[in-house]
Amino acid sequence: MDEALSRQALYDLVWSEPIKAAAQRLGVPEVAVKKACMSGDVPVPYSGYWTKLAAGQPIRPIPLPYRTPGANEMLRIGELDYQASRATPEAQLAQPLPKPPRFEESLESVRARSQARLGAVKYVRDLSSPWAGLRQILQEDLKRAARQRSEKAASPWNKPLFESGFEKRRLRILNSLGLGMAKARARIEVRGKAGRDVSVLVGDTRVPLRLDHPLAEPDRQGQWQVRQGPADTLRLMIGPSTGRADGYQVFWEEVADDPLEERLSAVALEILVAGEVEFRAEAARAHARQLQYREQLAQTMERRRVEPRKQPDPPISFPQQGRQHLLTQAAEWRAAQDVRDFVAAVLARSDATQSLMAWATWALAEADALDPVTSQVPIFSKALKA
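Residues numbered from 1 in each chain as written. Predicted model: local features only at pLDDT ≥ 70, side-chain atom pairs only at ≥ 80, totals over all residues. Heavy atoms only, no water.

*Asks:* Explain the overall build of the chain to me, please; I cannot follow it from the model alone.
*Replies:* When you go through the chain residue by residue, the secondary structure sums to twelve helices and seven strands. For 386 residues, the compact-globule formula gives about 21 Å, and the C-alpha radius of gyration of the chain, at 38 Å, lies well above that figure. Taking the principal axes of the C-alpha coordinates as reference, the chain spans close to 115 × 70 × 45 Å. Of the accessible surface of the chain, which amounts to about 24800 Å², a share of 55% is contributed by carbon and sulfur atoms. (Helix = DSSP H or I, 4+ residues; strand = E, 2+ residues; numbered from the N terminus. Rg over C-alpha atoms; globule rule 2.2 N^0.38 Å. Areas by Shrake-Rupley, 256 points an atom, 1.4 Å probe, with all protein chains shown as cover.)

*Asks:* Explain helix H11 (residues 354-370) here, please?
*Replies:* Given 3.6 residues to a turn, an α-helix orients residues that are three or four positions apart in the same direction. Between the first and last C-alpha of H11 there are 24 Å, a value that for 17 residues agrees with the 24 Å anticipated at 1.5 Å per step. Looking at H11, one finds that the buried residues are Leu 356, Ala 360, Ala 363 and Ala 367. Seen end-on, H11 carries its buried residues on one side only, within an arc spanning 70 degrees. The exposed set on the far side of H11, more than 90 degrees from its buried face, consists of Gln 354, Ser 355, Thr 361, Trp 362 and Ala 369. In the core, the buried residues of H11 are packed alongside helix H10 (322-349). (Expected span 1.5 Å × (residues − 1). Buried < 20%, exposed > 50% of the residue type's maximum accessible area, 1.4 Å probe, protein only. Arc of directions from axis to C-beta. Contact = heavy atoms within 4.5 Å.)

*Asks:* Teacher, can you tell me more about the packing of aromatic side chains here?
*Replies:* Any aromatic ring pair is given by two values, namely how distant the centres are and how the planes are angled relative to each other. For the structure shown, the criterion picks out seven aromatic pairs. Ring geometry for Trp 15 against Tyr 46: centres 6.4 Å apart, planes inclined by 65 degrees, an arrangement best described as edge-to-face. Residue Trp 15 is found in the loop between helix H1 (7-14) and helix H2 (19-26), and its partner Tyr 46 is found in the loop between helix H3 (30-39) and helix H4 (49-54); the two are separated by 31 residues along the sequence. When its relative accessible area of 30% is taken as the criterion, Tyr 46 is described as partly exposed. A ring pair is formed by Tyr 46 and Tyr 49, whose centres lie 5.4 Å apart and whose planes are at 85 degrees; its orientation type is edge-to-face. (Phe/Tyr/Trp six-rings, centres within 6.5 Å; stacked < 30°, edge-to-face > 60°.)

*Asks:* Explain the sheet that holds strand E4 (residues 197-202) here, please?
*Replies:* The strands making up a sheet are joined through hydrogen bonds of the backbone, oriented either antiparallel or parallel. In space, the five strands of this open sheet follow the order E3-E4-E5-E6-E7, with antiparallel pairing throughout. Edge positions in the open sheet fall to strand E3 (186-191) and strand E7 (251-253), since each of these has one partner strand only. Adjacent strand axes in the sheet meet at a mean angle of 20 degrees when their direction is disregarded. Strand contacts of helix H9 (residues 264-306): E3, E4, strand E5 (205-212), strand E6 (235-238) and E7, with the helix running at about 140 degrees to E5, the strand carrying the most contacts. (Pairing = 2+ DSSP bridges. Axes fitted to C-alpha atoms, helices over the stretch in contact; angles between N-to-C directions.)

*Asks:* How should I be thinking about the pattern of salt bridges in this particular structure?
*Replies:* Any two side chains of opposite charge can pair, on the condition that their charged atoms come close. Summed over the entire model, instances satisfying the criterion amount to 23 salt bridges. Asp 141 serves as the salt-bridge partner of Arg 144, at 2.9 Å between the closest nitrogen and oxygen. Highlighted residues: Arg 144 and Asp 141, both in helix H7 (residues 132-150), separated by three residues, approximately one helical turn. Given a relative accessible area of 8%, Asp 141 falls into the buried group. Salt-bridge contacts for Arg 235 lead to Glu 253; the nearest nitrogen and oxygen are separated by 3.5 Å. One end of the pair, Arg 235, is in strand E6; the other, Glu 253, is in strand E7, and 18 residues separate them in sequence. (Salt bridge = Lys/Arg side-chain N within 4 Å of Asp/Glu carboxyl O.)

*Asks:* It is not clear to me how the side chain of His 213 should be interpreted in this structure. Could you clarify?
*Replies:* Mapped onto the elements of the fold, His 213 is located in the loop between E5 and E6. Within polar-contact distance, the side chain of His 213 engages the side chain of Asp 232 at 3.3 Å. Ignoring sequence-local partners within four residues, the contact set of His 213 consists of Phe 166, Arg 227, Asp 232, Thr 233 and Leu 234. (Polar contact = N/O pair within 3.5 Å; in protein donor to acceptor, adjacent residues only side chain to side chain.)

*Asks:* Would you mind showing me how to read the pairing of E3 here?
*Replies:* Looking along a regular strand, one sees side chains alternate from face to face of the sheet. Summarising the sheet, E3 and E4 pair through six bridges and their orientation is antiparallel. Bridge pairing in E4 links Ile 188 to Val 200. Where E3 hands over to E4, the hairpin turn is made up of five residues, of which Gly 192 adopts a positive phi near 85 degrees.

*Asks:* I would appreciate a short explanation of unusual backbone geometry in the present structure.
*Replies:* A negative phi angle is the norm for most residues apart from glycine, just as the trans form is the norm for most peptide bonds. For Asp 41, which is not glycine, the phi dihedral falls at a positive 55 degrees. One can find Asp 41 in the loop between H3 and H4. Its identity is not glycine, yet Arg 185 carries a phi of approximately 60 degrees, on the positive side. Position of Arg 185 relative to the elements: it lies in the loop between helix H8 (165-181) and E3.

*Asks:* Is there a simple way to think about the packing of helix H6 (residues 107-118) against H9 in this case?
*Replies:* As a packed pair, H6 and H9 sit with axes 10 Å apart at the nearest point and diverge in direction by 140 degrees. Between H6 and H9, the angle is such that the two are oblique. Remark: the crossing between H6 and H9 carries right-handed chirality. Every residue of H9 that contacts H6 at Leu 107, Val 110, Arg 111, Ser 114, Gln 115 and Leu 118 is listed here: Ser 265, Ala 268, Leu 269, Glu 270, Leu 272, Val 273, Glu 276, Val 277 and Arg 280. A class-by-class count of the residues in the contact of H6 with H9 yields eight nonpolar, three polar and four charged. (Parallel < 35°, antiparallel > 145°, perpendicular 65-115°, else oblique. Left-handed = near helix turned anticlockwise from the far one by under 90°. Nonpolar A, V, L, I, M, F, W, Y, C, P; charged D, E, K, R; others polar.)

*Asks:* Which parts of the structure should I look at to understand the side chain of Arg 172?
*Replies:* Mapped onto the elements, Arg 172 comes out in helix H8. Despite being buried, Arg 172 has no salt bridge partner; Glu 261 is the closest side chain of opposite charge, sitting 7.0 Å away. (Lys, Arg positive; Asp, Glu negative; His and termini not counted.)

*Asks:* Mind showing me how you'd approach the nonpolar core here?
*Replies:* Side chains of a nonpolar character, in soluble globular proteins, are inclined to be buried together. Residues Leu 177, Met 181, Ile 188, Leu 209, Leu 236 and Ile 238 are the most contacted members of the largest nonpolar core, which totals 43 residues. Looking at this core, the elements with two or more residues in it are H7, H8, E3, E4, E5, E6 and H9. The residues contacting Met 181, other than those within four sequence positions of it, are Leu 118, Ala 186, Ile 188, Val 200, Ala 268 and Ile 271. Grouped together as the second largest cluster of nonpolar side chains are 19 residues, Val 14, Trp 15, Ala 22 and Leu 75 included. (Core = buried A, V, L, I, M, F, W, Y, C linked by side-chain atoms within 4.5 Å.)

*Asks:* Just checking my understanding: could you explain the environment of Arg 187 for this structure?
*Replies:* The residue Arg 187 is located in strand E3 in this model. Given the relative accessible area of 42%, Arg 187 is considered partly exposed. In this structure the C-alpha to C-alpha distance between Arg 187 and Ala 132, which are 55 residues apart in sequence, comes to 8.8 Å.

Here it is as structure tokens:
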């Protein structure tokens, strides 16, 4: 069984009774309630709370904090029950219309509390203990380097990808952002052989991130490549390439006296705000899709109600005598074909005299009259009357 509760509803539930009793009320395991509280940043009663409450001692509940930027307000508790989610069209239309999303907290407030939680993001030069989201591609690069060292003749297939000055600087910046944004419960992930598939999971919202040379482009197959050479200019872009919402800074172009290493705190803050902005934009789009689906479903149900149900055509039965008629028609069709082939052969070997053309016209007309396919009499009429 599964339940979907708002953060406020879950908070009210776990502070009204012990979690074990709340789980029994919901019909889910106790661990499912704890996991939902942890993922939704919903505080739970501290140790000794219920004992002090029963003893009449003064207690103070931990207030429910604001939602994490980019995180869902609704929390699913337990495994999804797919059977229960398959409602009939009538049941779906009987439900009240979904309400448009409302966000009481302003973006300015989201930005301010995100900045307080984020603090200063420091530039980390050392890549020996990288952020978890960067660790896999660096480990793969170390394996390539080890294989190359073990070869008698160095193979280009085992050449490390991230040893150039440009790539090292690029990965140091991504690693510094990953370590810094972890304080705000945001996770940066770097994937792909070239390390160009970069995104940040802000709450439950994935924000694409591109950090590369301003002139970098994918190849003809759409694949990105690593860049050789020394450290060079970088450009950072936050958010999707199309359909981006407004409310955060997108491009970060660096200049000689203002490198990205000194702007990491500002960049990280904009990424967190971008997560919230894109979350709100997607919530509005999802609401519009729900209304459109309801309208289409209602129109479909109305058409089914007013349109008369088409009765199937009665089966056609052919009497036993129709078999002989079928064989007769097949023989007439073959005879008509033979006549046409004969006329064509005669015309091919003779001069086109007036008398010959008149004969050919007559012969082809006889073939058409004989042919049950081209005759004016329906093919099946005699079979049905037989």
